[in-house]
Structure formats: structure tokens, C-alpha cells
Amino acid sequence: MLDKEWIPEGVERCSFGKFIVWLGLIGAVLLWGLYATIKIFANGIGVTGLDNYFGFGLWITFDLAVIALGAGAFFSGFLKYIIRVDQLKNIINLAVIVGFICYSGAMLILTLDIGQPLRAWFGYWHPNVHSMLTEVIFCITCYCTVLIIEYIPLILENRKLNKIRFLHHLAHNFHVYMPLFAGIGTFLSTFHQGSLGGMYGVLFGRPFAFREGFFIWPWTFFLFVFSAIASGPAFTMLVATLMEVITGRKLVDYKTKALMGKIAGTLLGAYLFFKILDTWFWATDTLPRMGLTFDQMFNDVYGQWLLWAELGLCGIIPAILLIVPKFRNIPALLYIGAILDCIGVCINRFVFTVQTIALPVMPFDKWYSYTPNWAEWATTFEIIAYGALVLSLSYRYLPVFPQEKKLNS
Amino acid sequence: MQVKEFKVKWGMVVDLDKCTGCGACMVACQAENNIAPVTEGSNKLRTLTWMLVYELSNGKDFPEHDIAYLPRPCMQCGKPSCSTVCPVVATTKDEEGGIVSQIYPRCIGCRYCMAACPYHARYFNWFDPVWPEGMDKTLNISTSVRPRGVVEKCTFCHHRFAAAKEKARMEGRDPMHLEEEDYIPACVEVCPTGAIVFGDLNNPEHKVAKLAKSRYAFRLLERLGTDPQVYYMSKREWVRRQGDNYLENEKTKGE
Ligand code: SF4
Ligand code: SF4
């Protein structure tokens, strides 16, 4: 059977029929998303639940969240190729694929999100050097290109493709230059993760998000970088675990997973230290200067519970679970810690996008709340399905996990 | 970013004790600037109203109950939170007069400016504009219509400024020294109670320059540092209090 020849040597995959059924499920979600996409392109984003109050909603939250979670790619690359943590070779391929999916997915959503998709290139042509969003546009595009470059050698290592002499050498050369790309990727990624945070920190008309800072960067610039690298490795590790559950095979050894957890946990601990300081300064200094109090920042819908969930339940608790070896070495606790860590970063991105604009700044204005509608959900799930598709195809046909053969023999 | 200073700085002073909340300014603005009526107007967060009249209340029960109306155009901020964030320079503040421009063919519709403006002065075109049959004949030829997918906002009827300068040039006068009556936005012209006064804030002969200095004058959210070119005034203390977020123990201006 043709399909068999493309599967990496020495590993087992489910039957082609089963795989088709799986692809069918993904395809159904994709079709639903495609329907929404067509509707949006044809009629404009009036089809969504966004309005003049909530110009930013689910899409931007999703974008920021996946970009943070995709940070596993650049950070693992940095640790593997530059700091030379060799053990990460067991998961680096997956980190690159997950990063690629997250970034390309975010860019796809952005084309939907802007009101004039045909003018998307204006960002490069008429850049405003003062806008943090300009930096984001440039860095995301460049970094997505770097991820493609990092992904290509993996594709070329497919059993069939690698037999072609030219492709074989090409893949090899790509590998040689990988530390260089890892370096470029780290630089670009740090900057745009930061700029994504800076985007909100500079909103001096929005007391919920506004932060002081140094030089041209508000604190949020650094906090976003930190929180991304504190959750990205945890997310990559969770994806590996989820794939193990779905395929029923062992893909990455526990030691590597625990190492990813440890990296995430340590960074999370450091991040929380700064984040708590930042929150305290914001509440006791920045807000009063704007004539506002901490309590005014929250209402029934966007309550303080979000902050406590972010910093406590999804901050301090996972940091402890991931840092302390005794806890980290219990699989259930490692996974719970990683899941909470990822939820925490999503809450953070959500409040910065939605709560920031839900808060009435004029004293006579009122709170509004926002609920995404079907079109926003459908397209968001479309991107998740796209991710599942890329991941499924990569897993089936590419040698993603170097330990797979050994672990399952 | 520093506050940009201009020789001529157009501004508005709205006397909230005179405003009756009739909404004439809203209608005039709509007609003057070719703002299309939306087919489904029940969602007020989707309608386009460059000039919006807010209702303020002192929150007390009758007989102490009191209300005020506050018309809100774009504040043409001296330090605009909107234009600095725009990734494609579709909005800037660089022309003499200090009006914050909005270039529709340049806007990509990312809505970052809307997220940045604390006054909700910016509006997005959710759908292509449709005018009821025949109404398209009443469109103002001096203003463009906007397509779907771009952000728009009050421009102090910028086209009237352009026309006034043109007229002054034709008459051999200095276009940078316009008289008060030369350039009047639609909402100011139509206001039946004369609550809105318009002119050059830097020209001591213009009424706005004097009114803006009144002890009862204030600007919205002054301490955020946006430096608006729109001033409000009211003799009522509770109204002034609602101009900025005053903490309970703080005194308002004009006390
Ligand atoms: S009021 Fe809003 S839209 Fe107008 S200049 Fe100020 S920030 Fe910009
Ligand atoms: S100045 Fe012109 S554009 Fe601005 S609110 Fe008044 S009528 Fe509308």
C-alpha cells in the first residue's frame, strides 16, 4: 500500500482507514470554519459578535494566547542549540511544529480580523515606527518564516523524500545552519512577544492595561516575554502527552517531559515575582494617579476572581507543582501543573484584550460585556483543526520523535 | 510622545448647563458627514454616531435629582492615544489646526485605535453603507463616503476648514488667521441653545480661548494626559466631578 511507504521506518501507525476517519473528523470542523470564513470575507466582520466597544475580542485573545503557547519553539530552540541542553533533542521537532502551527494560525486569524484584508500588506508598506503593532507585524512574519525554515528539514526527512539525493543534502545543510536560525528566532520572538505586551502597556487611555516602564517599553513588554516562555515549554510537553494518549504509543520519555516542566516552572516562578510586583505597583501607584481604585477595575462579569485565578490557582500553584521535584515526578501532578500554567497565560491574555476595553474609563460610562458569536468560534476552531491536521500528518509521515522506536520496542 | 503644539489650535467649548440634549448636533453631524443609517439600529454598539450625547445624572432621588447632557465629538487630543498606535499611519495629528485626521483609504481596519481611545470616539464600518432609495441624492459632496472595514470619527468637519481657508485665500486674507465665523462645524452651527462654541484656542480674540480658561471649564479625563481640544463647562460641581475620575476625597477644579 502506497501510504505504508511514506511512514517512517521502524514505527507503527494506525491503519489508513482509521486515519481517514480521523481526518474526516478534523475536516468537518474545518468545513464549519470555512463556511464562517467565506461569510466573513463576503460580508465583512459585521458577521461577528464584535462591536464598537469591543473591537478586540476572541480572535485577538486567541492570537495572543497561541503565540504565547507557541513560545516553546523558540525557547526550546534557544536552550537546545545555544545553551546546548542536549536532552531537548527528544522534543525539539515537536516544539518547532507546534510553534509553526501557532504562528501560522495566528496569522490566518489576523487576515480575517482586519476590516480590509486586501490591505494587509500596508503594514509593511506604510509602517508607523511608533506603533508597537508595526513591530509585531514585522517580527511575526519574520519569525513565521524562520519556523518554516526550521520545519522544512523535518519534512525533507520523510523516508520517501530523503531518498532523493538533492533533498537529502538540502536537509543536511539546513541542519548545519539550525543554530543560526535558532538564534535569529530567539531574537525575533523575544521582540514580538514583548511588543504584543507593549501594545497594551502603552494604552495610556486604558487604565487596566497601562503600565509604566523604562525607555520605550512598558513593563508589559517584559512580562509578556516572561509569561510566554513560562508556558510555551509546558504546552509543548502537553501536546506530546495528548498525542501519546490518542495514538496509544510512547513518544517522549518522562525525563524529558519533566525537564520541560521544570523549565516552565522555574520561569513561571520568576515571572510571578515580577508580575506580582507589577500588579502591586499598578494598584497602589498607577491607578490612584489616574484617579481610580483597584476595586473599580472589576465588576460582576470581569471580577477579581480572574486575577486571583491567574496569579494564584494558575500561577503560584503550578509553579510549585513544576518546580518541586517531588511533585514534578508524579505524572498526574506534572500534567496538572502544566495545564494550570497554560490556562493562566490564557487568562492573562484574555483580561489584557477584553477587560481592558470593557472597563468604562469615563465616569459616566458603563461596563459592557462581550460574548463571541458563532462566526468567531467557528473560525477559531478552524485554526485548531488546522493545527490538528498539520500535527497528524507530521506525526504519521515524518520522524518527529527520535525516541519513539526505542520507547515502544 | 510630546504634546504637539500648533500655531492655530481649533477647539470647542460646550456649556453643559445650556445643552438640553436635543440631539440636533448628532443629526447635523450625521447629515453633514454622509454617515449612512444602519439597517439594524437596535444594537447601539454597532451604530455610527461621531457626535454622541451622553446623559449624566447626579444619582440622587427626586427632588434633588439632576441631569446634564454631554455631547461627545472626537476630542482631537493634543496627545492622541489613537494615532500613535496605528500601524499604518492612517491617523495622524500633524496639520495646522491640530485636528486628528483619519485617512480612510489607508486604514486596514485593525481597530487598535478604537481600543486606545478612552472616549469611544472612534467607529468601525461593520457593513457597506446603504442609503435608502433616493437618499443618496442628499449626500454631501464635500465629504467622502466610507467603505466597510475602516474606522472613522469626527474630524471637526475638516472639509469646512478646508473650504474656509480656500475662501480666505480667494478674498486675499490670510488662511491661517480665520475669523470665528469663517469656520464653524455643522454641530456647532445647528445647536439651538448655542451651547457649543468653536474657534481657535490660541487666538485670544476667539470666544473659545476665553471660555476655556473659565474656572468652570474642564476637559474629560484630563489626568490621563490626552490633552483634549474640547472643553466643557458647568457651574454645577457634580457635573465637573464627572469629567474626570475624582477620588472621593479630592476636590474638583473650579472649587
Ligand atoms: S478622542 Fe479618541 S479618537 Fe479623538 S483624538 Fe483623542 S484618542 Fe483619538
Ligand atoms: S465637528 Fe463635525 S464631525 Fe465633529 S461632531 Fe461636530 S458635526 Fe460631527
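First, a word on what this report is: a plain description of the structure on this page. Bear in mind the structure is a predicted one, so any value in this text is a computation, not a measurement.

Rules of the game
Residues numbered from 1 in each chain as written. Chains lettered and ligands numbered in written order. Predicted model: local features only at pLDDT ≥ 70, side-chain atom pairs only at ≥ 80, totals over all residues. Heavy atoms only, no water. Helix = DSSP H or I, 4+ residues; strand = E, 2+ residues; numbered from the N terminus. Rg over C-alpha atoms; globule rule 2.2 N^0.38 Å. Buried < 20%, exposed > 50% of the residue type's maximum accessible area, 1.4 Å probe, protein only. Contact = heavy atoms within 4.5 Å. Areas by Shrake-Rupley, 256 points an atom, 1.4 Å probe, with all protein chains shown as cover. Lys, Arg positive; Asp, Glu negative; His and termini not counted. Charge placed at Lys NZ, Arg CZ, Asp CG, Glu CD. Near = heavy atom within 4 Å. Nonpolar A, V, L, I, M, F, W, Y, C, P; charged D, E, K, R; others polar. Expected span 1.5 Å × (residues − 1). Bend = angle between axes of the 7 residues up to and from the residue. Buried area = accessible area lost by both parts, 1.4 Å probe. Salt bridge = Lys/Arg side-chain N within 4 Å of Asp/Glu carboxyl O. Polar contact = N/O pair within 3.5 Å; in protein donor to acceptor, adjacent residues only side chain to side chain. Phe/Tyr/Trp six-rings, centres within 6.5 Å; stacked < 30°, edge-to-face > 60°. Patch = residues over 30% accessible without salt bridge, like charges linked within 9 Å, V, L, I, M, F, W, Y side chains within 5 Å. Disulfide = S-S within 2.5 Å. Pairing = 2+ DSSP bridges. 1 Å grid on protein atoms, 1.4 Å probe; cavity = no way out; pocket = protein on both sides within 12 Å on 5 of 7 lines; lining within 4 Å. Points joined across faces, edges and corners; volume = space filled by probe spheres on them. Axes fitted to C-alpha atoms, helices over the stretch in contact; angles between N-to-C directions. Parallel < 35°, antiparallel > 145°, perpendicular 65-115°, else oblique.

**Structural notes on the overall build of chain A**
For step 1, the next point in the chain: Within chain A one finds 16 helices and two strands.
For step 2, the next point in the chain: For 409 residues, the compact-globule estimate of 2.2 N^0.38 gives 22 Å, and the C-alpha radius of gyration of chain A, at 22 Å, lies within 12% of that figure.
For step 3, the next point in the chain: Split into buried and exposed, the 409 residues of chain A put 58% on the buried side.
For step 4, the next point in the chain: Taking the contacts inside chain A whose residues are at least 6 apart along the sequence as the reference set, 80% of them involve residues at least 24 apart.
For step 5, the next point in the chain: Per element, the accessible surface of chain A, about 16900 Å² overall, is 73% carbon and sulfur.
For step 6, the next point in the chain: The positive charge centre, built from 28 side chains, and the negative charge centre, built from 24, are 10 Å apart in chain A.

**Considerations on the site of ligand 1**
For step 1, the next point in the chain: As a structural note, the neighbourhood of ligand 1 is formed by Cys-74, Met-75, Gln-76, Cys-77, Ser-81, Cys-82, Val-100, Cys-117, Tyr-119, Ala-121, Arg-122 and Lys-153 of chain B.
For step 2, the next point in the chain: Residue classes in the shell around ligand 1 are distributed as eight nonpolar, two polar and two charged.

**Examining helix 14 (residues 331-358) of chain A**
Residue and element names in this part refer to chain A.
For step 1, the next point in the chain: For helix 14, which comprises 28 residues, the first-to-last C-alpha distance of 39 Å matches the rise-based estimate of 40 Å (1.5 Å per residue) to within 8%.
For step 2, the next point in the chain: Along helix 14, the sharpest change in direction is near 35° and occurs at Val-351.
For step 3, the next point in the chain: Burial within helix 14 is extensive, with 20 of its 28 residues counted as buried.

**Some thoughts on the interface of chain A and chain B**
For step 1, the next point in the chain: The interface is formed by 51 residues belonging to chain A together with 51 residues belonging to chain B.
For step 2, the next point in the chain: Contact between chain A and chain B buries roughly 4300 Å² in total, counting both sides, with carbon and sulfur atoms accounting for 60%.
For step 3, the next point in the chain: The largest per-residue losses of area from chain A upon contact with chain B belong to Asn-52, Phe-204 and Phe-364 of chain A, which jointly make up 19% of the total buried on that side.
For step 4, the next point in the chain: For the interface between chain A and chain B, the tally reads one salt bridge.
For step 5, the next point in the chain: Here Asp-113 of chain A makes a salt bridge to Arg-111 of chain B, at a shortest N to O gap of 2.4 Å.
For step 6, the next point in the chain: Between the two partners, chain A and chain B, sit 30 residue pairs in polar contact (both at pLDDT 80 or more).
For step 7, the next point in the chain: Among the elements of the structure, helix 2 (16-43), helix 6 (122-125), helix 7 (132-156), helix 9 (178-201) and helix 11 (254-289) of chain A are those that each provide at least two residues to the side of chain A that touches chain B.

**Considering the packing of aromatic side chains**
For step 1, the next point in the chain: In total, this model carries 39 aromatic pairs over all chains according to the counting rule given.
For step 2, the next point in the chain: With a centroid separation of 4.7 Å and 85° between ring planes, the pair formed by Trp-121 of chain A and Phe-122 of chain A is classed as edge-to-face.
For step 3, the next point in the chain: For Trp-121 of chain A, a relative accessible area of 45% corresponds to the partly exposed category.
For step 4, the next point in the chain: By relative accessible area, which is 10% here, Phe-122 of chain A ends up buried.
For step 5, the next point in the chain: Between the aromatic rings of Trp-10 of chain B and Phe-198 of chain B, the centroid separation amounts to 5.8 Å while the plane-to-plane angle is 5°, which identifies the pairing as stacked. Of the two residues, Trp-10 of chain B is situated in strand 1 (residues 10-15) and Phe-198 of chain B in strand 6 (residues 196-200); the sequence distance between them amounts to 188 residues.

**Details of a nonpolar patch on the surface**
Residue and element names in this part refer to chain A.
For step 1, the next point in the chain: Together, Val-29, Trp-32, Tyr-35, Trp-374, Trp-377, Phe-381 and Ile-384 make up an exposed nonpolar region whose accessible area comes to about 660 Å².
For step 2, the next point in the chain: Going through the elements one at a time, helix 2 and helix 15 (374-397) are the ones with two or more residues in the nonpolar patch.
For step 3, the next point in the chain: Per-element accounting of the nonpolar patch gives the leading share, four residues, to helix 15.
For step 4, the next point in the chain: Here Tyr-35 shows up in helix 2.
For step 5, the next point in the chain: Residue Tyr-35 is classed as partly exposed on the basis of its relative accessible area of 47%.

**So, the site of ligand 2**
For step 1, the next point in the chain: Inspection of the region around ligand 2 gives 13 residues, with Cys-29, Cys-154, Phe-156, Cys-157 and Cys-187 of chain B positioned closest.
For step 2, the next point in the chain: Tallied by class, residues from the shell around ligand 2 come to 11 nonpolar, two polar and no charged.

**With respect to the state of the cysteines**
In a disulfide, the sulfur atoms of two cysteines are held together by a covalent bond.
For step 1, the next point in the chain: As enumerated under the stated definition, the model contains zero disulfides over all chains in all.
For step 2, the next point in the chain: Looking at the unpaired Cys-342 of chain A, the closest cysteine sulfur is the one in Cys-346 of chain A, lying at 6.9 Å.
For step 3, the next point in the chain: Judged by relative accessible area, Cys-342 of chain A falls into the buried class, the value being 7%.
For step 4, the next point in the chain: There is no disulfide at Cys-191 of chain B, and the cysteine sulfur nearest it, in Cys-22 of chain B, is 6.2 Å away.

**Section: the pairing of strand 8 (residues 230-233) of chain B**
All names here are of chain B.
For step 1, the next point in the chain: Of the two faces of strand 8, the one carrying Val-230 and Tyr-232 and the one carrying Tyr-231 and Met-233 are both buried.
For step 2, the next point in the chain: Across four bridges, strand 1 lies against strand 8 in parallel orientation. Within strand 8, the position partnered with Met-12 by the bridge is Val-230.
For step 3, the next point in the chain: Pairing of strand 7 (residues 217-218) with strand 8, which is carried by two bridges, proceeds in the antiparallel orientation. Paired with Phe-218 across the two strands is Tyr-232, which belongs to strand 8.

**Quick notes on the sheet that holds strand 6 of chain B**
For step 1, the next point in the chain: Strands sit in the order 6-1-8-7 (chain B) across an open sheet of four strands; the sheet is mixed. Edge positions in the sheet fall to strand 6 and strand 7 of chain B, since each of these pairs with one other strand and no more.

**Regarding the side chain of Thr-379 of chain A**
Residues and elements named next belong to chain A.
For step 1, the next point in the chain: Structurally, the position occupied by Thr-379 is in helix 15.
For step 2, the next point in the chain: In this structure Thr-379 comes out as buried when scored by relative accessible area, which is 0%.
For step 3, the next point in the chain: Polar side-chain contacts of Thr-379 include one of 2.9 Å to the side chain of Trp-59.
For step 4, the next point in the chain: Those residues in contact with Thr-379 that sit more than four places away from it in its chain are Gly-33, Ala-36, Thr-37, Ile-40, Trp-59, Ile-109 and Leu-112.

**Considering the layout of surface pockets**
Residue and element names in this part refer to chain A.
For step 1, the next point in the chain: Estimates place the volume of the largest pocket at around 1500 Å³.
For step 2, the next point in the chain: Around the largest pocket, the lining is made up of 45 residues, and of these Leu-242, Ile-384, Gly-387, Ala-388 and Leu-391 lie nearest the centre.
For step 3, the next point in the chain: Counting only elements with at least two residues in the lining of the largest pocket, the list comes to helix 2, helix 3 (58-69), helix 5 (92-113), helix 10 (219-247), helix 14 and helix 15.
For step 4, the next point in the chain: It is helix 15 that provides the largest number of residues to the lining of the largest pocket, a total of 12 residues.

**Quick look at the packing of helix 5 of chain A against helix 10 of chain A**
Residues and elements named next belong to chain A.
For step 1, the next point in the chain: It is the contact of helix 5 with helix 10, at a shortest axis distance of 10 Å, that shows an interaxial angle of 105°. On the basis of their axis angle, the class for helix 5 and helix 10 is roughly perpendicular. Where helix 5 approaches helix 10, its residues Leu-94, Ala-95, Val-98 and Cys-102 are matched on the opposing element by Phe-235, Thr-236, Val-239, Ala-240 and Met-243.
For step 2, the next point in the chain: Considered class by class, the residues forming the contact of helix 5 with helix 10 number eight nonpolar, one polar and no charged.

**Remarks on unusual backbone geometry**
Residues and elements named next belong to chain B.
For step 1, the next point in the chain: Look at the link from Phe-62 to Pro-63: it is a cis peptide, with omega at 10°.
For step 2, the next point in the chain: Considering the arrangement of structural elements, one finds Pro-63 in the loop between strand 2 (52-57) and strand 3 (67-72).
For step 3, the next point in the chain: The phi angle at Cys-157 is positive, at roughly 45°, despite the residue not being glycine.

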